Amino acid sequence: MSRRPVIFGNWKMNMLRKDAAEFFEETESFLSDSDEADFGLAVPYTCLDVCRKAAIRLKLAAENCHEADHGAFTGEISIPMLAEIGIEYCVIGHSERRTFYAETDEACARKAKALLAAEIIPILCVGETEAQYDSGETLEVLRYQLEGSLADLSGEEVSRMVIAYEPVWAIGTGKSADQTIAQNCCHAIREIIKERYGDGTAEAVRIQYGGSVKPENIREYMNCADIDGALIGGASLKAESFKKIIAAVCR
Ligand code: PGA
């Protein structure tokens, strides 16, 4: 089965609405007739509507959500609120949210279930810290995070998801995982999915690598058998750089 590549930028807490709209307009005119992959951006909540208006081919992701439909959760954004404005993807379990906001695998499981029910595709981030990498615990960490985060999902649900392997030591550090590490870990993720849900789900689920991806190295990752795309932080903040990434993928 050939999986459709999926490349997302992740703006984190960057970009004002005016810059976001300009970025989308510039990138859309560049994308015009390329239909080889899903390209999109995870943007701050305040930018979602302006980006939605400017988006033609670009996909949009929220950077977080709350799993409840509504309620007394001051400061949170629900999935129906995202669905109302046509958001198609949502990042969950990013390492910054795990570290700074104590987002757990159990919370990811609840969010994934609710997003899939609303037909919004979760981009679930998993990955080990530098200390875990150094002590050889990577595969154990991936298994643990996946088992927790996918706890209540069926194979059909998992097959619609995107999983991003993002080693924490590679995020925002300029120290990207080399091709072999990235491929081996993405392969291990696919094997864990296979053990639990079977071949069909493992073949369908799209797996990204993330961590210091840039125009100069994205092709290395895209050439790997188990890597179907990338999640890109710093190098997605300038339209010029994101366009180079698109060009490298479409080449
Ligand atoms: P980076 O961030 O590309 O700046 O390393 C990746 C991410 O946080 O998803």
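(A) A look at the nonpolar core. In this structure, F24 and I218 are the most contacted members of the largest nonpolar core, which totals 71 residues. Of the residues forming this core, the biggest block, eight residues, is contributed by helix α9 (residues 179-197). With near-sequence residues (within four places) excluded, F24 lies in contact with W11, L41, V43, C51, A54, A55, L58 and L60. Ranked by size, the runner-up nonpolar core spans 11 residues in total, among them A61, Y89, V91 and C125.

(B) Region of the structure containing the environment of Q179. Locating Q179 in the fold gives a position in helix α9. C-alpha of Q179 to C-alpha of Y209: the two residues are 30 residues apart in sequence and 9.8 Å apart in space. Excluding its chain neighbours within four sequence positions, the residues that come into contact with Q179 are E220, Y221, N223 and C224. Within the structure, the side chain of Q179 is placed 2.8 Å from the backbone oxygen of E220, a separation counted as a polar contact.

How each quantity is defined
Residues numbered from 1 in each chain as written. Predicted model: local features only at pLDDT ≥ 70, side-chain atom pairs only at ≥ 80, totals over all residues. Heavy atoms only, no water. Core = buried A, V, L, I, M, F, W, Y, C linked by side-chain atoms within 4.5 Å. Buried < 20%, exposed > 50% of the residue type's maximum accessible area, 1.4 Å probe, protein only. Helix = DSSP H or I, 4+ residues; strand = E, 2+ residues; numbered from the N terminus. Contact = heavy atoms within 4.5 Å. Polar contact = N/O pair within 3.5 Å; in protein donor to acceptor, adjacent residues only side chain to side chain.

The quantities given are spatial measurements derived from coordinates; they are silent on function.
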